[in-house]
Amino acid sequence: MLIWNPGKLTKDGKALLAKAQAGKCAIQITKAQSGSGSYTSSEDISQRTALKTVKQTFPISNKVINTDSALVLKITMENSTLTAGYDITEFGVFASDPDKGEILYSIATASTSDYMPAYNGVVPSVINMSYYLEVANASTVTIKSVGALALQSDLEALEARVTAVESDALRGYGARRKVGASSTTWERVGAAVGLVAKAAVGNGTVQNDFMASVYPYNSVKPCNVAEDMSVNAYLGDADFQWDGSNGDVMLEVPQVYTARYFETDSDGVKWEYRWVAAGPVGRCHLDHAFTDGDRQSEKIYIPIFPGSLNTEGTKLESKAGVFPAHNKTRAQFRTLCTAKGDKWCLDDVWTMHMLDTLFIVMFASTNAQSILGAGRTEFPEDGTKGLALQERTGNYITVEKTYGNRFAVGQGISIGAGLWSQSLAADRRVTKIEDSSEVENAVCVYFDGDPVAIKTTSVLWSSLQPTGATIDMASPNGRIEGKTNGMSAIRFLWIEDWFGNMWQFRDGDNIKNWQHYYCNKRGSYADKVYEGDYFKVGYEAAKANGYVKEFGYDPEWPEIEICTDATGSSGTYFPDYYYQAEGGELVISGADVAHGSFAGPFSRACNGGSGYSIWYIGGRTLGRK
């Protein structure tokens, strides 16, 4: 396998970059070369003006803008004209200098070489290269690519999309519902007709045709991701770790095409459609979770766990076995995410909308609590029954028996001077529950950490729960076998607590007097901004609380789901709750440990201000390539 050492700008390359930064020229990439030259570990390759032993020259197939000052070149190395094989040990990218002509701009040497064989006259050998390059302004770089080959991966993707277009399922995999019909069940359409999708309870396996054979469901992968967005390991690899020790635990999602629209049939019946496809078939477009202004992401990395703080408390991470971060504003969570680098941001409304469509198409339903499980939404919280029945300093609290027995070993609790106060103990784990030998009809709930001075005014209650409850599940969709359904963590596409446990801040959406303003440029995310890169959605949100009956529709941004009618119920339409207020400025989603039937992926709270910070709201860190 060919593995490269980091590429370096040559002396001539640095000089050209300086000219470009000074506005004296633009950078034009002319070609790439590979060779078999030998290098010592102490050799300064930046002084090279040519490869040592040139073997092949290649055009540049494509470029992908990575940042304002960097891009990724796509090069197809193939052997159709090669008469003698060689070991690939060096690689160079060339550019045009207005003063010197063509120069070696950047060079890399192989830490592990690979053999390029001579052409056998039958099947060419192909190596697809992605070469990271530093430039002055990525958007102004030109590529001299006359005669460039299409990447093998591009051809395969095109072939797959043509096949999809020519198939009976012209618009991919879909689901539809009659507008105004109260049922949460949707009708499968397109290639989804006849497919079976089940969610698991516990560690068993179930039939799910989407996960087995339908793109993108069969192509999403849990993985460990480094801060530079390189993948350290995938689930199933020996070095994959749920605890974050090998990188953030993320779900790698390749580009997805989706559609949401309304259509009236020949009988005058109006339908809402949702579609998922591998390419731009029918009315599907590249989902805006993958667009960032005029840029596209080849892949995005969705956090599998609610965000938690690193050891220094300076960055947000996704890992198992810890309590989620909370008591911070959306802006503070945003800063914790971007501290990891410009490829990271706070998870946003675009990811939220995409996952909603993926769920609807997979399960042909909007009732996620019925299909996946209630989620961690029914944990015990009571300011009266949770009062301590004895005063003591120690690691247990004595409470009324029926209330105390609702708790579970391993769950998270807090204790304070009243319900939802964490003044005495925050984010502790229950270690044992046993009947009290001193107080009749009472139990002692033991917890970890330092001893606590318990008073009879102290209240035991359930706060946010630790991450990692679902890691032993065999199925990517379903719930664990917890004490009760409402105390059992759920996962969708491996994403734990997709709803429940904590409300989640969503970035990219600012609200002003029920009018939502969206942004599709992650670097522009900010609070209280309603112009510039933020645009006005084409309708106002509902001005009353209630269960979601209808989401609005903006044909220019069809995937956006903002509640416009909240007169539904817990078992109809989109059976999750919507909160609003005239002063609401941002959106949170999913609901927390005690929201019961109000919770779900379509549950949105749009009633908080930008300074909102409380124990039940957290955030997640999102990565992009």
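Residues numbered from 1 in each chain as written. Predicted model: local features only at pLDDT ≥ 70, side-chain atom pairs only at ≥ 80, totals over all residues. Heavy atoms only, no water.

What follows covers the overall build of the protein. Looking only at helices and strands, the protein has 7 helices and 47 strands in total. What you see for the protein is a C-alpha radius of gyration of 28 Å, in line with the 25 Å of a compact globule of 625 residues. For the protein, the proportion of its 625 residues judged to be buried stands at 55%. For the protein, long-range pairs separated by at least 24 residues make up 70% of all intrachain contacts whose partners lie at least 6 apart in sequence. A distance of 2 Å separates the average location of the 58 positive side-chain charges in the protein from that of its 72 negative side-chain charges. (Helix = DSSP H or I, 4+ residues; strand = E, 2+ residues; numbered from the N terminus. Rg over C-alpha atoms; globule rule 2.2 N^0.38 Å. Buried < 20%, exposed > 50% of the residue type's maximum accessible area, 1.4 Å probe, protein only. Contact = heavy atoms within 4.5 Å. Lys, Arg positive; Asp, Glu negative; His and termini not counted. Charge placed at Lys NZ, Arg CZ, Asp CG, Glu CD.)

Moving on, we get to the state of the cysteines. Taken as a whole, this structure holds 0 disulfides when the rule is applied. No disulfide involves Cys345; its nearest neighbouring cysteine sulfur is the one of Cys337, lying 7.1 Å away. (Disulfide = S-S within 2.5 Å.)

For the coordinates displayed, the defined rule picks out 34 aromatic pairs. Their ring planes at 35 degrees and their centres at 4.5 Å tell us that Phe492 and Trp498 sit as a pair that is tilted. For Phe492, a relative accessible area of 0% corresponds to the buried category. Between Tyr547 and Phe598, the aromatic rings sit 5.4 Å apart at their centres with planes inclined by 90 degrees, giving edge-to-face as the arrangement. A residue pair is termed long-range when its members are at least 10 positions apart, and Tyr547 in strand S40 (residues 546-548) and Phe598 in the loop between strand S44 (586-590) and strand S45 (600-608) qualify at 51 residues. For Tyr547, a relative accessible area of 11% corresponds to the buried category. You can call Phe598 partly exposed: its relative accessible area is 29%. Each residue in the set Phe359, Phe363, Phe492, Trp498 and Phe499 is aromatic and connected to the rest through ring pairs, giving one cluster. Of note, Lys221 hangs over the ring of Tyr234, and the distance from its end group to the ring centre comes to 5.1 Å. Positioned above the aromatic ring of Tyr261, the side-chain terminus of Arg283 is 3.8 Å from the ring centre. (Phe/Tyr/Trp six-rings, centres within 6.5 Å; stacked < 30°, edge-to-face > 60°. Lys NZ or Arg CZ within 6 Å of the ring centre and 35° of its normal.)

Across the sheet, which stays open at both edges, the 5 strands sit in the order S12-S11-S18-S17-S19 with antiparallel pairing between neighbours. On the outer flanks of this sheet lie strand S12 (187-190) and strand S19 (285-286), each paired with one strand and no other. As defined by bridge partners, strand S17 (residues 257-264) adjoins strand S18 (residues 270-277) across 8 bridges and the pair is classed as antiparallel. Within S18, the position partnered with Thr264 by the bridge is Lys270. On the sheet, helix H5 (residues 349-363) packs against strand S11 (173-178), S12, S17 and S18 and is oriented at approximately 100 degrees with respect to S18. (Pairing = 2+ DSSP bridges. Axes fitted to C-alpha atoms, helices over the stretch in contact; angles between N-to-C directions.)

Unfilled space is identified by rolling a water-sized probe across the atoms. Of the volumes computed, that of the second largest pocket is approximately 240 Å³. Around the second largest pocket, the lining comprises 18 residues; the ones closest to its centre are Arg376, Val409, Gly410, Gln411 and Gln465. (1 Å grid on protein atoms, 1.4 Å probe; cavity = no way out; pocket = protein on both sides within 12 Å on 5 of 7 lines; lining within 4 Å. Points joined across faces, edges and corners; volume = space filled by probe spheres on them.)

Residue-level pLDDT values for the protein average 92, and 95% of them are 70 or greater. With pLDDT under 50 throughout, residues 146-151 is counted as low confidence; its partners more than four residues away or in other chains account for 15 contacts. Per-residue pLDDT stays below 50 along residues 160-170; that stretch engages in 15 contacts with residues further than four places along the chain or on separate chains. (pLDDT = per-residue confidence, 0-100.)

Further remarks concern the side chain of His326. Its place among the elements puts His326 in the loop between strand S24 (316-317) and helix H4 (330-338). With relative accessibility at 13%, the residue His326 sits in the buried group. For His326, the side chain forms a polar contact with the side chain of Asn327, separated by 3.1 Å. Within the structure, His326 has its side chain in polar contact with the side chain of Asp427 (distance 2.8 Å). With near-sequence residues (within four places) excluded, His326 lies in contact with Phe333, Gln422, Asp427, Leu464, Ile614, Trp615 and Ile617. (Polar contact = N/O pair within 3.5 Å; in protein donor to acceptor, adjacent residues only side chain to side chain.)

Once that is clear, we can look at the sheet that holds strand S16 (residues 248-254). Strands sit in the order S15-S14-S16-S22-S47-S25 across an open sheet of 6 strands; the sheet is antiparallel. Strands with a single pairing partner mark the edges of an open sheet, and in this sheet they are strand S15 (231-234) and strand S25 (344-346). Direction aside, neighbouring strands of the sheet carry axes that sit 35 degrees apart on average. Bridge analysis of strand S14 (residues 221-225) against S16 gives 5 bridges, and the strand direction is antiparallel.

With that settled, consider the environment of Ala599. Within the secondary structure, Ala599 is located in the loop between S44 and S45. In the structure, Ala599 is positioned 538 residues away from Ser61 in sequence and 48 Å away in space, judged by C-alpha atoms. Not counting residues up to four positions away in its chain, the partners in contact with Ala599 are Gln369, Thr377, Pro575, Asp576, Gly590 and Ala591.

Now for the environment of Ile617. With respect to the helices, strands and loops of the structure, Ile617 is situated in strand S46 (residues 617-618). The spacing of Ile617 and Met502 is 115 residues in sequence and 5.6 Å in space, taken between C-alpha atoms.

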